[in-house]
Amino acid sequence: QVQLVESGGGLVQAGGSLKLSCLASGRTFSSRVMGWFRQAPGKEREFVAAITWSGGNTFYADSVKGRFTISRDVAKNTVYLQMNGLKPEDTAVYFCASDKDVSVYKSRSAEYDYWGQGTQVTVSS
């Protein structure tokens, strides 16, 4: 089992920034890829970004490319999502997820084994 805990969400004005964190614990050696997803009310869960623990290879959804940056701190078992230039349409609950596969190109939620409880991000206009 891998436990994931997100933090860093909040309320921000359009154009502002937030940095989310996801702390992984438990059998973290079984985790190869970490992803961020988001889900707005009434919408399906949407892929945001992914990163490999080894090598730090990254993959982004087109909707956030150039605005969001995913990174990881291996020593702290923590993955980050730096969000700049936030827009009202970025409002959602943000989840981190973990998978044992080595490929970073994983954009479907069904491809991930473990999930955090989510953190709310609200962007006001």
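Quick notes on the rules
- Each chain has its residues counted from 1, running along the sequence as written.
- Per-residue local features of the predicted model are confined to residues with pLDDT of at least 70, and side-chain atom pairs are confined, for both listing and counting, to 80 or more; whole-chain, interface and lining totals are unaffected and use all residues.
- Only heavy atoms go into the side-chain values, all of them from the structure, while hydrogens and water stay out.
- Numbered from the N terminus, helices here are DSSP runs of H or I no shorter than four residues, and strands are runs of E no shorter than two.
- Each residue's exposure class comes from its accessible area (1.4 Å probe, protein chains only) as a fraction of the maximum for that residue type: buried when under 20%, exposed when over 50%, partly exposed otherwise.
- By definition in these notes, contact holds between two residues if any of their heavy atoms fall within 4.5 Å.
- Surface accessibility follows the Shrake-Rupley procedure with a 1.4 Å probe radius. Residue values consider only the protein chains on display as shielding.
- Charge counting follows a simple rule: Lys and Arg are positive, Asp and Glu are negative, and His as well as the terminal groups are ignored.
- Where a charge lies is defined by one atom per residue type: Lys uses NZ, Arg uses CZ, Asp uses CG and Glu uses CD.
- We define a polar contact as two N or O atoms separated by no more than 3.5 Å, with the added condition that, inside protein, one atom must be a possible hydrogen donor and the other a possible acceptor, whereas residues neighbouring each other in sequence contribute only through side-chain atom pairs.
- Here, nonpolar core means buried Ala, Val, Leu, Ile, Met, Phe, Trp, Tyr and Cys residues that are tied together by side-chain atoms lying within 4.5 Å of each other.
- Here, any two strands with at least 2 DSSP bridges between them count as paired.
- Cysteine sulfur atoms that come within 2.5 Å of each other are treated as a disulfide pair.
- Helix axes are fitted to C-alpha atoms over the stretch in contact, other axes to C-alpha atoms as well, and angles between N-to-C directions run from 0 to 180 degrees.

**Student:** Please set out the overall build of the protein residue by residue, giving values where relevant.
**Tutor:** Within the protein, the secondary structure is distributed over 0 helices and 11 strands. By principal-axis analysis of the C-alpha atoms, the protein measures approximately 40 × 30 × 25 Å. Taking all 125 residues of the protein together, 43% fall into the buried category. Put simply, 58% of the contacts in the protein that link residues at least 6 apart link residues at least 24 apart. Roughly 6300 Å² of accessible area belongs to the protein as shown, and the carbon and sulfur atoms make up 49% of that amount. In the protein, which carries 14 positive and 11 negative side-chain charges, the distance between the mean positions of the two groups comes to 4 Å.

**Student:** Account for the side chain of Arg38, with residues named and values stated.
**Tutor:** For Arg38, the location among the structural elements is in strand β4 (residues 33–39). A polar side-chain atom of Arg38 sits 3.0 Å from a polar atom in the side chain of Tyr94.

**Student:** Run through the nonpolar core, naming residues and quoting values.
**Tutor:** Ranked by internal contacts, the top residues of the largest apolar core, which has 35 residues, are Trp36, Val48, Phe68, Ile70, Leu81, Met83 and Tyr94. Elements supplying a minimum of two residues to this core: β1 (2–7), β3 (18–26), β4, β5 (46–52), β7 (68–73), β8 (78–83), β9 (92–99) and β11 (119–124). Apart from the residues lying within four places of it in its own chain, the contact partners of Val48 are Trp36, Phe37, Arg38, Phe59, Tyr60, Ala61, Val64, Phe68, Leu81 and Tyr94.

**Student:** Which residues make up the pairing of β7, and what values do they have?
**Tutor:** Alignment of β7 against β8, held across 6 bridges, turns out to be antiparallel. Considered in β8, the bridge of Ile70 is made with Leu81. With antiparallel pairing between neighbouring strands as the criterion, β7 and β8 make up a hairpin whose turn holds 4 residues, including Asn77 at a positive phi of roughly 50°.

**Student:** Could you give me a rundown of the state of the cysteines, with the residues and numbers involved?
**Tutor:** For the coordinates displayed, the defined rule picks out 1 disulfide. Note that Cys22 is cross-linked by a disulfide to Cys96, the S-S spacing being 2.0 Å. Measuring handedness by torsion sign, the sulfur bridge of Cys22 and Cys96 sits at about 55° and is right-handed. With a gap of 74 residues between them, Cys22 in strand β3 and Cys96 in strand β9 connect regions that are remote in the sequence. For the pair shown, Cys22 and Cys96 are each scored as buried.

**Student:** Describe the sheet that holds β3, with residues and values.
**Tutor:** Judged by pairing direction, the sheet is antiparallel, and its 4 strands sit side by side in the order β1-β3-β8-β7 without closing on themselves. What marks the edges here is a single partner per strand, and that holds for β1 and β7. Going across the sheet, the axis of each strand differs from the next one's by a mean of 20°, ignoring polarity. The sheet contact formed by β1 and β3 spans 6 bridges and is antiparallel. The residue of β3 that forms the bridge with Val5 is Leu23.

Interpretation note: all reported values are geometric properties and have no functional meaning in isolation.
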